[in-house]
Amino acid sequence: MSDFPASLLILNGKGANTPQLREAVELLRDEGVTIHVRVTWEKGDAVRYVEEAIRLKVETVIAGGGDGTINEVATALIHSESREVPALGILPLGTANDFATSVNIPADLANALKLAIAGRDVPVDIAQVNHKTCFINMATGGFGTRITTETPEKLKAALGGVSYLIHGLMRMDTLKPDRCEIRGENFSWQGDALVIGIGNGRQAGGGQQLCPEALINDGLLHLRIFTGEELIPALFNTLASSDSAENLVDSVSPWFEVTASHEMTFNLDGEPLSGKTFRMEILPAALRCRLPPDCPLLR
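Cut-offs applied
Residues numbered from 1 in each chain as written. Predicted model: local features only at pLDDT ≥ 70, side-chain atom pairs only at ≥ 80, totals over all residues. Heavy atoms only, no water. Buried < 20%, exposed > 50% of the residue type's maximum accessible area, 1.4 Å probe, protein only. Helix = DSSP H or I, 4+ residues; strand = E, 2+ residues; numbered from the N terminus. Contact = heavy atoms within 4.5 Å. Polar contact = N/O pair within 3.5 Å; in protein donor to acceptor, adjacent residues only side chain to side chain. Axes fitted to C-alpha atoms, helices over the stretch in contact; angles between N-to-C directions. Parallel < 35°, antiparallel > 145°, perpendicular 65-115°, else oblique. Left-handed = near helix turned anticlockwise from the far one by under 90°. Nonpolar A, V, L, I, M, F, W, Y, C, P; charged D, E, K, R; others polar. Expected span 1.5 Å × (residues − 1). Arc of directions from axis to C-beta.

Buried within helix α5 (residues 109–118) we find L109, A112, L113, L115, A116 and I117. Tucked into the core, α5 has its buried residues touching β1 (7–12), α1 (19–30), β2 (35–40), β3 (60–65), β4 (87–92) and β15 (271–290). The opening residue of α5 is D108, an N-cap whose side-chain oxygen sits 3.3 Å from the backbone nitrogen of A110.

Below is the structure:
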């Protein structure tokens, strides 16, 4: 196995002491595989580690963490000015692991690590917001965003993805839609939105399939709006991942613009971004990612 290419693993600090991960890394190192390990402490660390990975000439940078860590590493890779940019590997160590789950990354850390190092790398899309911030999985806005950003860490740790559902039911008193306008290629809508999902990937918030038809290499963003005309039914449809056409507006486009008269917040793979105008556009095949052969998000 010593012919495995060298890699650099960027670990979110919360997952650095996972015993199964230490065992998996040590086992591969004993077999001659070169794995550099770096642990993030503060914002900006991933950028520095990606630059180091390029200097080390590794073939893969592995993001070890949840959706936020994957997004941070992916963003650093596409913003690199190097001519030779490593592929992205994924090691699911977060609470929800929405992107990793949807692309069928193995839950077993040893198998996930092997895939991240030596799996087939394929070109995938990434989305850019306001020409700067990125997301590889999904941007969510509205009440669903408040659920995912406000759910207590202890509840997430204890219950995983179902914690978002429980916290959402606890916060019924804050239920309020966002009045906004959304435009895309051959698409225009305005009204009250309870939940907005703009997806490169399919799921967010601990397994909620907001954009169930999305693909990560089709050059398109998928939009789903849960309208706020009937708030209580819409909330329960959202949290139950209902495919009912009631309260739903769907579209696809290479770009979407969201504007509102008041400040809104979008959750970009776990990173909140607030403002009154958001332009989200797809960057086709901007990144190479090591994915399993049965990945359902590839066309």
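Viewed as axis vectors pointing N to C, α1 and α5 meet at an angle of 50°, and their least axial separation amounts to 9 Å. For the element pair α1 / α5, the angle class is oblique. Viewed along their axes, α1 and α5 form a crossing whose handedness is right-handed. In this structure, α1 uses Q20, L21, A24, V25 and L28 to contact α5, whose residues at the interface are L109, A110, L113, K114 and I117. Class assignment for the residues of the contact of α1 with α5 results in eight nonpolar, one polar and one charged.

Three or four residues apart is the spacing at which side chains of an α-helix point the same way, because the helix has 3.6 residues per turn. Across its twelve residues, α1 extends 16 Å between first and last C-alpha, which sits within 8% of the 16 Å expected from 1.5 Å per residue. Those residues of α1 lying buried are L21, A24, V25 and L28. Relative to the axis of α1, the buried residues are bounded by an arc of 95° and lie together on one face. Within α1, the exposed residues directed more than 90 degrees away from the buried face are E23 and D30. Contacts made by the buried residues of α1 are with β1, β2, β4 and α5. Positive phi shows up at G32, right after α1, with a value of about 95°.

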